[in-house]
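Remarks on the overall topology
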Amino acid sequence: RERMLLRIFAGDEHAILSAPSPHKEAMIPLVISGGLGLPLDTDIILRWRLLGHFASVLVSAPQSSLLMTLQQIALQPQELMRDGPAYFPGMDEDIRNRVMKALLERGENIWKFKSHWYKCTCGYSFFIGECGRPMEQAKCPGCGLQIGGRDHNKTRDTTEDDETDRSPAGYMLPIAEKDEKHVSFREIPASSARAIRLLLHSAMFLGIISSSKSLM
């Protein structure tokens, strides 16, 4: 697999042109000889070179490298789901963490180290600010029961929610046209976040190539 991957980026297009559908269609952008009548511009050639260099880096990465996760995505994607859903670098964090950060950035009086998330018996989750104890009641949007509470006492249909990290597993980004223009997650600056996702998507594209039946 590794050798064939490097052959493709060395200009050997035979494996691509002989691949069955839909593998062939996915890899056609890697054919840059010009023989297929495809438009060749600087952006296409630069993307091709970037993927080629990235493939060589992943193939040669040692076991102790931080690139091992991306290497597995590129060279052994079928292994990712063997033990259940995998967590990919560059994905969004638990939405509740983002809500908390947004409130703190607005200057809201949110007591740290307190439980702030609650849920109704129907499963609807909600947030209580300041000290984190209920002071008001309201109808649950999910089922209509009374949630919240008064004087720090919860209603019978309100329970404290588990606040363990619920970051989603697997790939869960929207299509590029609907993705956020300003990306940031887990306190990572936008430029670094974009770079991480570029590496992830490059590794995933290499995974399509390395998993093609024509390369087996």
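Another aspect to go through is the overall build of the protein. Looking only at helices and strands, the protein features 7 helices and 6 strands. Listed by position from the N terminus, the elements making up the protein come as α-α-α-α-α-α-β-β-β-β-β-β-α. Burial status across the protein gives 32% buried among its 216 residues.

Time to look at helix α5 (residues 68-75). Burial within α5 is extensive, with 6 of its 8 residues counted as buried. Every buried residue belonging to α5 is among M68, L70, Q71, I73, A74 and L75, and all of these are buried.

Spatial strand order, β2-β1-β6: 3 strands in an open sheet with antiparallel pairing. If you trace the sheet from one side to the other, it starts and ends with β2 (125-127) and β6 (158-160), each paired once. Put simply, the sheet's adjacent strands are angled 35 degrees from each other on average, direction ignored.

To continue, consider the sheet that holds strand β4 (residues 146-150). The 3 strands lie next to each other as β3-β4-β5, forming an open sheet whose pairing is antiparallel. Whereas interior strands pair on both sides, the edge strands pair on one side only; in this sheet they are β3 (137-139) and β5 (153-154).

Below, the discussion takes up unusual backbone geometry. With a phi angle near 50 degrees, E130 is a residue other than glycine that sits in the positive phi range. Among the secondary structure elements, E130 is positioned in the loop between β2 and β3. Backbone geometry places D151, a non-glycine residue, at a positive phi of 55 degrees. Mapped onto the elements, D151 comes out in the loop between β4 and β5. For D151, a relative accessible area of 59% corresponds to the exposed category.

Thresholds applied
Residues numbered from 1 in each chain as written. Predicted model: local features only at pLDDT ≥ 70, side-chain atom pairs only at ≥ 80, totals over all residues. Heavy atoms only, no water. Helix = DSSP H or I, 4+ residues; strand = E, 2+ residues; numbered from the N terminus. Buried < 20%, exposed > 50% of the residue type's maximum accessible area, 1.4 Å probe, protein only. Pairing = 2+ DSSP bridges. Axes fitted to C-alpha atoms, helices over the stretch in contact; angles between N-to-C directions.

Everything listed is a geometric property; what it means functionally is a separate question.
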